[in-house]
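# Observations on chain architecture
Read off the chains here:
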2 protein chains.
Amino acid sequence: MGGPEIERLISLLSKLPGLGPRSARRAALALLRQPESRMRPLAQALEQAAQQVKTCSQCGNLDSTDPCAICSDPSRERDVICVVETVGDLWALERAGIFKGLYQVLGGVLSPLSGFGPDDLNIAPLFHRLETQEIREIILALGATVDGVTTLHWLYEKLQPWNVKITRVGQGIPMGGSLEVLDEGTLTAALIARRPA
Amino acid sequence: MGGPEIERLISLLSKLPGLGPRSARRAALALLRQPESRMRPLAQALEQAAQQVKTCSQCGNLDSTDPCAICSDPSRERDVICVVETVGDLWALERAGIFKGLYQVLGGVLSPLSGFGPDDLNIAPLFHRLETQEIREIILALGATVDGVTTLHWLYEKLQPWNVKITRVGQGIPMGGSLEVLDEGTLTAALIARRPA
């Protein structure tokens, strides 16, 4: 159709989450129309990111520095740690801009089905922090999935030996959400989590 | 959130068709997790495509050779030319595998609103082919949009001086389509294009 270079580009693009074969072709065409202004810059951005970005040894975030910008920011509260599953979750919370403490990125959740066990969780730095620093609160911000809840309970038990406040994020109706379209689980959680109006 | 390299990568990815800010972040994260096995190969594929891929001077297709693989394929019928708007349309027809002739990629359609006029259409190679080779049929495979139909009529007039059969692709109900969800225009076209069962 368009030579091996185009086929290879489409094949790599189609493996990105959110892109299928059809949208990968559209993306490839859009890039091919502007090789100098769009294609080369993207190639360079990918190469630079592959070179520069590393995993923060303290929290598991991705950044061009280790420790990451959050862990090394003196203005963040250092005695509150928010535990999240993925770097994507961390980014989402940072966009919300409400949390000013530190993070611990687990890199996944306990999942018997996919063979992701306790040893695969990135939690050693969290325990190291608990041993060496004064931690006031640990917020478990895990997804409301079966594996997320399993991991939450497992972590809760693991954290008991330390005299630290353990909280979990609230569950209920998402902002802008209409009750009509929500699933029964969310509605149940929202009713249980009701509070004075 | 994750350093300037990540921000830049997300910003470039989010400009691809089919990707918004949210899916660009997901794509960037997926790539960052596998810098060597996914990120670098994509960077290299983009760089290679930017270097190798050119526009075919005969038909307007994109390929690593000029003339493109279709124009230089001796097994294609050289006396039937299918006129399409974009390279994406050409690829779609090639996937269907039904057309065995040559193409002419216009690069767009006449659009008074966006200022795309007759001089912007890539049609000179088509007239050159009409002058120098024996052409039996020209198939106008343009989109069923206002601009597509305008371009079709304009081309039809332009092609009159040559003694060549001019056809246009059929209109009607798409394969697998249910009448219930189709718009009135398509239903009208399908009724007009009816034929013995």
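Definitions and limits used
- Residues numbered from 1 in each chain as written.
- Chains lettered and ligands numbered in written order.
- Predicted model: local features only at pLDDT ≥ 70, side-chain atom pairs only at ≥ 80, totals over all residues.
- Heavy atoms only, no water.
- Domains from an automatic or database assignment.
- 1 Å grid on protein atoms, 1.4 Å probe; cavity = no way out; pocket = protein on both sides within 12 Å on 5 of 7 lines; lining within 4 Å.
- Points joined across faces, edges and corners; volume = space filled by probe spheres on them.
- Helix = DSSP H or I, 4+ residues; strand = E, 2+ residues; numbered from the N terminus.
- Nonpolar A, V, L, I, M, F, W, Y, C, P; charged D, E, K, R; others polar.
- Buried < 20%, exposed > 50% of the residue type's maximum accessible area, 1.4 Å probe, protein only.
- Pairing = 2+ DSSP bridges.
- Axes fitted to C-alpha atoms, helices over the stretch in contact; angles between N-to-C directions.
- Contact = heavy atoms within 4.5 Å.
- Buried area = accessible area lost by both parts, 1.4 Å probe.
- Salt bridge = Lys/Arg side-chain N within 4 Å of Asp/Glu carboxyl O.
- Polar contact = N/O pair within 3.5 Å; in protein donor to acceptor, adjacent residues only side chain to side chain.

What the domain assignment reports for chain A is domain 1 (4-52) and domain 2 (78-169). For domain 1 of chain A versus domain 2 of chain A, the distance between C-alpha centres works out to 34 Å.

Our focus in this paragraph is the layout of surface pockets. All names here are of chain A. There is about 550 Å³ of room inside the largest pocket. Taken together, 21 residues line the largest pocket, and the ones lying closest to its centre are L142, G143, A144, V169 and G170. Of all elements in the fold, only α4 (87-96), α6 (146-159) and α7 (184-192) reach the threshold of two or more residues within the lining of the largest pocket. Per element, the largest residue contribution to the lining of the largest pocket is four residues, and it comes from α4. Looking at the lining of the largest pocket residue by residue, the class counts come to 10 nonpolar, seven polar and four charged.

In this section: the environment of A:L191. Residue and element names in this part refer to chain A. Positionally, L191 belongs in helix α7. Classification of L191 as exposed rests on a relative accessible area of 57%. In the structure, L191 is positioned 18 residues away from I173 in sequence and 9.3 Å away in space, judged by C-alpha atoms.

All names here are of chain B. Overall, parallel pairing links the four strands, which are arranged β4-β3-β5-β6 in an open sheet. Every interior strand has two partners, whereas the edge strands, β4 (102-105) and β6 (165-168), have only one. Sheet twist, expressed as the average angle between the axes of neighbouring strands with direction ignored, equals 25 degrees. Here strand β3 (residues 80-84) runs beside β4; their pairing, made up of four bridges, is parallel. In the sheet register, I81 faces β4, and the bridge partner there is L102.

A separate point is the interface of chain A and chain B. Across the contact, 51 residues belong to chain A and 51 residues belong to chain B. Summing the contributions of chain A and of chain B, the shared interface buries around 4,700 Å²; its carbon and sulfur component is 71%. Inspection of the chain A/chain B interface yields two salt bridges. Between A:R40 and B:E47 there is a salt bridge, with its nearest N and O atoms 2.7 Å apart. Inspection of the chain A/chain B interface yields seven residue pairs in polar contact (both at pLDDT 80 or more). Secondary structure elements with two or more residues in the side of chain A that touches chain B: α1 (3-13), α2 (21-33), α3 (35-52), β2 (62-63) and α4 of chain A. Ranked by residue count, the leading element in the side of chain A that touches chain B is α3(A), at 15 residues. For the side of chain A that touches chain B, a count of residues per class yields 28 nonpolar, 11 polar and 12 charged.

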